[in-house]
Amino acid sequence: MKNNSEAAVTKYINYSDRSGHHSLPVSVIRSKRKTGSVIVNADGSAELRIPLRTSDSTINDMLEGRARWIVEKHKEMKVKEEALKKHMPELTDTQRALLEKRYKKNASEYFPLRVQHFEKIMGVHHKKIAIRDQKTRWGSCSTSGTLSFNWRLIMAPPEVLDYVVVHELAHFMHMDHSKAFWSTVESVMPDYEKHRKWLNDHGQELRI
Ligand SMILES: [Zn+2]
């Protein structure tokens, strides 16, 4: 859930294990934030999110300090992904394309309704809604007022989809993930943590 002010560069963590030598790319993303954090997405891709003015040596220190954790998490995600693939029902390409088309249509009808619902509660207004096809992003919002949502959320429990809507609308008030941002989300959705966790744990299952 990033905003337009972000730009990424890629660093690499080199490691070796039984299967050989590896170079794991880590996207280093600068944005308006106070502290750094490391994220490993469901597809195993790693991100280091840092404040705008972070020196290169600080970045290298952070990567070095977290390298082991990042590699472990990356491997864990890959194992999960493989296990999941084995349990996926076999769809033909045609079936998958038709299903995807239907889900996207549902998403383009359903998201505006939920956005409208929560805008009334939160007193914010969007300009445009875009339904996107992203592997690891659930939603984003731009300063120009465009909200983007991942159509795959239509396969998630409704309250999880609502959480992403509330999250992005809250960015209209706070363009960061500050305490103020989270308390805005919480004021609209007191049990948002549960839905956030669901996305973390099950987000990778939202595919066909
Ligand atoms: Zn966000």
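Residues numbered from 1 in each chain as written. Predicted model: local features only at pLDDT ≥ 70, side-chain atom pairs only at ≥ 80, totals over all residues.

1. Here we look at the overall build of the chain
Next, step 1: Along the backbone of the chain there are 5 helices and 7 strands.
Next, step 2: Written out in order from the N terminus, the α and β elements of the chain read β-β-β-β-α-α-β-β-β-α-α-α.
Next, step 3: The globule rule puts the C-alpha radius of gyration for 208 residues at 17 Å, and the 18 Å found for the chain is close to it.
Next, step 4: Taken over the C-alpha atoms alone, the chain extends approximately 50 × 45 × 30 Å along its principal axes.
Next, step 5: Taken over 208 residues, the chain has a buried fraction of 21%. (Helix = DSSP H or I, 4+ residues; strand = E, 2+ residues; numbered from the N terminus. Rg over C-alpha atoms; globule rule 2.2 N^0.38 Å. Buried ≥ 20, exposed ≤ 12 C-beta atoms within 10 Å, placed from the backbone.)

2. Observations concerning the pairing of strand E7 (residues 146-150)
Next, step 1: As defined by bridge partners, strand E5 (residues 128-132) adjoins E7 across 5 bridges and the pair is classed as parallel. Within E7, the position partnered with Ala-130 by the bridge is Ser-148.
Next, step 2: Examined bridge by bridge, strand E6 (residues 139-141) and E7 share 3 bridges and lie antiparallel to one another. For Cys-141, the partnering residue across the bridge sits in E7 and is Leu-147.
Next, step 3: Hairpin remark: E6 followed by E7, antiparallel, with 4 residues in the connecting loop; positive phi at Gly-145, about 100°. (Pairing = 2+ DSSP bridges.)

3. Considering the pairing of strand E4 (residues 46-51)
Next, step 1: Pairing of strand E2 (residues 20-31) with E4, which is carried by 6 bridges, proceeds in the parallel orientation. Within E4, the residue paired with Arg-30 across the bridge is Ile-50.
Next, step 2: Note that strand E3 (residues 37-40) and E4 share 4 bridges and pair antiparallel. By the bridge assignment for E4, Ile-39 is matched with Glu-47.
Next, step 3: The hairpin turn running from E3 into E4, its antiparallel successor, is 5 residues long, and Gly-44 in that turn takes a positive phi close to 95°.

4. Remarks on the sheet that holds E5
By definition, the strands of a sheet pair up through backbone hydrogen bonds, in either a parallel or an antiparallel sense.
Next, step 1: In space, the 3 strands of this open sheet follow the order E5-E7-E6, with mixed pairing throughout. Either end of the sheet is taken by a strand with one partner, and the two such strands are E5 and E6. Recorded for the sheet is a direction-independent mean angle of 15° between the axes of neighbouring strands.
Next, step 2: Contacting E5 and E7, helix H2 (residues 93-122) runs over the sheet at an angle of about 145° to E5.
Next, step 3: Helix H3 (residues 158-170) rests against E6 and E7 of the sheet, and its axis sits at about 20° to E6. (Axes fitted to C-alpha atoms, helices over the stretch in contact; angles between N-to-C directions. Contact = placed C-beta atoms within 7 Å.)

5. Structural notes on the domain arrangement of the chain
Next, step 1: Domains assigned within the chain are domain 1 (7-87) and domain 2 (93-205).
Next, step 2: Taking the mean C-alpha position of each, domain 1 and domain 2 sit 24 Å from one another.
Next, step 3: Of the residues belonging to the side of domain 1 that touches domain 2, the class tally is 2 nonpolar, 2 polar and 5 charged. (Domains from an automatic or database assignment. Nonpolar A, V, L, I, M, F, W, Y, C, P; charged D, E, K, R; others polar.)

6. Notes on the nonpolar core
Next, step 1: Phe-149, Leu-153, Val-164 and Val-166 are the most contacted members of the largest nonpolar core, which has 24 residues in total.
Next, step 2: When residues of this core are traced back to their parent elements, those giving at least two are H2, E7, H3 and helix H5 (192-202).
Next, step 3: A total of 8 residues in this core trace back to one element, the largest contributor, which is H3.
Next, step 4: Those residues within four positions of Val-166 in sequence are excluded, and the remaining contacts are Phe-118, Val-185, Val-188, Met-189 and Tyr-192. (Core = buried A, V, L, I, M, F, W, Y, C linked by C-beta atoms within 7 Å.)

7. Things to note about the packing of H3 against helix H4 (residues 179-188)
Next, step 1: Relative orientation of the contacting elements H3 and H4 amounts to 135°, with a least axis distance of 9 Å. By the angle between their axes, H3 is oblique relative to H4. Here H3 and H4 pass one another in a crossing that is right-handed. The residues of H4 that touch H3, namely those facing Val-166, His-167 and Ala-170, are Phe-181, Thr-184, Val-185 and Val-188.
Next, step 2: Residues of the contact of H3 with H4, tallied by class, amount to 5 nonpolar, 2 polar and no charged. (Parallel < 35°, antiparallel > 145°, perpendicular 65-115°, else oblique. Left-handed = near helix turned anticlockwise from the far one by under 90°.)

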